[in-house]
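Analysis of the macromolecular model
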Amino acid sequence: MVAHTRRSIYVIAVAVFLAACAAEEASARISREQALGQAMSDFQKRDYKNAVGWFSKTIWYCIEEKAKNGWPMEQKDYEMGAKAYLYRGMSYVELKQGDKAKLDFEQAERISEGMPRVRVEIGNGYVRAGFYDDAVRILKGTVEGEPEDGQAHYYLSRAYYKKRNYASAWEHLKKARANGIPSESLLALLRKAAPELE
């Protein structure tokens, strides 16, 4: 009887200890919103190494942890996850890690259906990383659905310019300018490269 009682006390003590550890971990864990906020703060300060870490935490909280545990995904998880993948990719661009950037842009693209602003910025990311065909593909889809999105036309014009498709670059630059994006620097580049198309 004494051995049985000691065993019960031990089992209870272990359970209490594990519960205390879980409670401490839960109180120490930051929210997905806090992780994304810190990541964006570091990104804006151009502290890209730290930003990558915080974006990774956000991705874990919003996407990976839920997938691993079979938990249901909410729309906010997709929105925050897409933003975290996008800006982690942008951080990798700044850290000169283009292959990692491309993987993150692809992940952001995969979960950002119905988020045109995010998709425009993914296109910008592809342009900045030098993946012009990917930029054209996603941005063409965006401007088909959002024909008055001047920013999308501008990034598409940049992608075409980089591909030396000056006719398409001019076409989308004109649409960008018609929709409020001044883009003087790209205008000057195109006037120099293909003035006859203006």
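One numbering rule holds for all chains: residues counted from 1, following each sequence as written. Residue-level local features of this predicted model are given only where pLDDT is at least 70; pairs of side-chain atoms are given and counted only at 80 or more, and the full residue set underlies all totals for whole chains, interfaces and linings. Note that water and hydrogens are dropped before the side-chain values are worked out from all heavy atoms of the structure.

Brief notes about the side chain of S112
Put simply, the rule is: Where helices and strands are cited, they refer to DSSP runs of H or I of at least four residues and of E of at least two residues respectively, numbered from the N terminus. Residues adjacent in sequence count toward polar contacts only when both atoms are side-chain atoms; beyond that, a polar contact is any pair of N or O atoms within 3.5 Å, and within protein one must be able to donate a hydrogen and the other to accept it. Here, two residues are considered to be in contact whenever any of their heavy atoms come within 4.5 Å of each other.
As for its position among the elements, S112 is in the loop between α5 (98-111) and α6 (116-129). Here the side chain of S112 touches E109 through a polar contact of 3.4 Å, landing on its backbone oxygen. There is a polar contact of 2.9 Å between the side chain of S112 and the side chain of R119. Once you skip the residues sitting within four places of it in the chain, S112 turns out to touch A82, V118, R119 and I122.

Description of helix α3 (residues 48-69)
Given 3.6 residues to a turn, an α-helix orients residues that are three or four positions apart in the same direction. Worth spelling out the cut-off: A helix is expected to reach a length of 1.5 Å times the quantity of its residues less one. Note on bend: the value at a residue is the angle between axes fitted to the seven residues ending there and to the seven starting there. To sort residues, take the accessible area from a 1.4 Å probe on protein chains only and compare it with the maximum for the residue type: under 20% means buried, over 50% means exposed, and anything in between is partly exposed.
Look at α3: 29 Å from first C-alpha to last across 22 residues, which is about the 32 Å you get at 1.5 Å a residue. Of all the bends found along α3, the most pronounced is centred on W60 and spans about 50°. Where α3 is concerned, the buried positions are Y48, A51, V52, F55, T58, I59, Y61, C62, I63, E65 and K66. Positive phi appears at G70, one or two residues downstream of α3, with a value of about 70°.

Topic: the nonpolar core
Using the following cut-off: The set of buried Ala, Val, Leu, Ile, Met, Phe, Trp, Tyr and Cys residues whose side-chain atoms join them within 4.5 Å is what this entry labels a nonpolar core.
F55, L86, F105 and I122 are the most contacted members of the largest nonpolar core, which totals 51 residues. Per-element accounting of this core gives the leading share, 9 residues, to helix α4 (residues 75-94). Setting aside its immediate chain neighbours within four residues, I122 contacts L86, F105, A108, E109, S112 and I138.

What to know about the pattern of salt bridges
Our working rule: Think of a salt bridge as a Lys or Arg side-chain nitrogen and an Asp or Glu carboxyl oxygen that are within 4 Å of each other.
With the rule as written, the count across this model stands at 16 salt bridges. Residue E74 is joined to R32 by a salt bridge in which the shortest nitrogen-to-oxygen separation is 3.7 Å. With E74 in the loop between α3 and α4 and R32 in helix α2 (residues 32-44), this residue pair connects regions lying 42 residues apart in the sequence. For R32, a relative accessible area of 16% corresponds to the buried category. D134 is the salt-bridge partner of R137, the closest N and O atoms lying 3.2 Å from each other. Note that R137 and D134 are positioned in helix α7 (residues 132-145) at a spacing of 3 residues, about one turn of the helix. The exposure class of D134 is buried, given its relative accessible area of 16%. When salt bridges that share partners are traced, they join R32, E33, K66, E74 and D77 into one network.

Limitation: the analysis is restricted to geometry and does not speak to function.
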